[in-house]
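Read off the chains here:
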Amino acid sequence: MVDWRIRFGILSTVWGFSFLLIKVGTEAYAPFQVTFGRLFFGTAVLAVAMAVRRERLPRGIRTWAHLAVAAFLLNALPFSLFAYSELTIPSTLAGICNATSPLWGMALSLVALSEDRPTRRRVAGLGIGFLGVLTVLGAWQGFSGLDFGGTAMALLASLSYPIGWIYVRRTLAGSSNSNLSLTGAQLLLATVQLAVVTPLFTTLPTSFPVVPLLAVIALGALGTGFALLLQYGLVKEVGPTTAQMVTYFIPVIATAAGVVVLNEQLGWNTPVGALIVLAGAALTQSRPKKPALKAAVAKAPEASEPRLPGAEATDVNVPSRAAQP
């Protein structure tokens, strides 16, 4: 087994480069086509993994109905929005917008999840994070030189993820199916959704340039299928809290890839704002320390059910909250 730190680095790199792959793919193919290809090849990878592990797809109409909503919110919608956004904004900006997902998630959880109580630190993190967004966008310059539509789509894509997380947490947290089974079915449904939508808004390409085609294949096979397998392996080994830290490395790698490989221009406010966003996002994910267990509780271990190390009730079969690009 490869050390988890190496797999963490690979996952960060793969997801960081996803924005570059989206940009390259949209140079030859329509955004919906890029998204469909991404989902198709990602689903193929998970199908192979399920066959090897002899996993079955979930059963039950209610489960599939909830997965269809999750597929739209966590895959079909954000993937398509990011692809459309990169028609008019650089991949570096799209990657930084993706890092705002924890900020949106914290704001939404205060409203939708009664057990997520606000603290001064988390509220401060929310304010700092959105100050970072304004810095990235150059608010003091009146957002000059910025494509509003593309930026708005990238931010909406990052907002879609926490909405999907909350929905999954409320509807599928108690499922007896494995993460691989649920995710495989979810990607399959998202692929079907794009298979229906894509022909309605695009025409079949007259040619298939090799480099953009390889970018789409890599985006799906590596950036979606393989990356999800890596993510769930990390969640299982080191827990969701550590695994979701990958969110903070994605914009750094996306920015480096865009500047070095695609020669995208980078103003001082972009990296500075990104650091402020990441700092705010980190604060929003902080939790108060739990008080030490009482001695009286420790004396009666037989009163509690056995539990795997690091397991929490809300972690059962719920994907890590790292924002997949």
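For every chain, the first residue of its written sequence is number 1, and the numbers climb from 1 along that sequence. Where local features are concerned, this predicted model is filtered to residues with pLDDT of at least 70; where side-chain atom pairs are given and counted, the filter is 80 or more; whole-chain, interface and lining totals use all residues. Side-chain metrics rest on all non-hydrogen atoms present in the structure, leaving aside hydrogens and water.

An account of the overall build of the protein is requested, with residue identities and associated values reported.
In terms of helices and strands, the protein carries 13 helices and zero strands. Starting at the N terminus, helices and strands are each numbered in turn, a helix being any DSSP run of H or I of at least four residues and a strand any DSSP run of E of at least two. For the protein, the succession of helices and strands along the chain, N to C, is α-α-α-α-α-α-α-α-α-α-α-α-α. Each residue's exposure class comes from its accessible area (1.4 Å probe, protein chains only) as a fraction of the maximum for that residue type: buried when under 20%, exposed when over 50%, partly exposed otherwise. Here the protein holds 325 residues, and 48% of them are scored as buried. As displayed, the protein has an accessible area near 16,200 Å², and 68% of this comes from carbon and sulfur atoms. Here, Shrake-Rupley sampling with a 1.4 Å probe gives the accessible areas, and only protein chains in the shown set may cover a residue.

Go over the pattern of salt bridges, please, and point to the residues and values.
We count a salt bridge whenever a side-chain nitrogen from Lys or Arg sits within 4 Å of a carboxyl oxygen from Asp or Glu. A full pass over the atoms with the stated rule returns two salt bridges. A salt bridge links aspartate 3 to arginine 5; its shortest N-O distance comes to 3.2 Å. Take aspartate 3: its relative accessible area is 33%, and that puts it in the partly exposed class.

I'd like a rundown of the packing of helix H1 (residues 4-25) against helix H11 (residues 250-260), residues and numbers included.
Each axis is a line fitted through C-alpha atoms, taken for helices only over the stretch in contact, and angles between the N-to-C directions span 0 to 180 degrees. For the pair H1 and H11, interaxial distance at closest approach is 8 Å and the crossing angle is 50°. When the axes of H1 and H11 are compared, the pair comes out oblique. Every pair of crossing elements has a handedness; the one defined by H1 and H11 is right-handed. Touching Ser12, Thr13, Trp15, Gly16, Phe17, Phe19 and Leu20 of H1 are Ile250, Ile253, Ala254 and Ala257, all from H11. Taken together, the residues that form the contact of H1 with H11 break down as eight nonpolar, three polar and no charged. When an angle is under 35 degrees it counts as roughly parallel; over 145 it counts as roughly antiparallel; between 65 and 115 it counts as roughly perpendicular; any other value is oblique. Crossings are sorted by hand: turned counterclockwise from the far helix by less than a right angle, the near helix makes the crossing left-handed, and turned clockwise it makes it right-handed. By definition in these notes, contact holds between two residues if any of their heavy atoms fall within 4.5 Å. Here the term charged refers only to Asp, Glu, Lys and Arg, the term nonpolar to Ala, Val, Leu, Ile, Met, Phe, Trp, Tyr, Cys and Pro, and the term polar to all other amino acids, Gly among them.

Account for the side chain of glutamate 86, naming residues and giving values.
Mapped onto the elements of the fold, glutamate 86 is located in the loop between helix H3 (61-85) and helix H4 (91-98). In this structure glutamate 86 touches Phe19, Ile22, Lys23, Thr26, Ser91 and Ala94, once residues within four positions along its chain are discounted.

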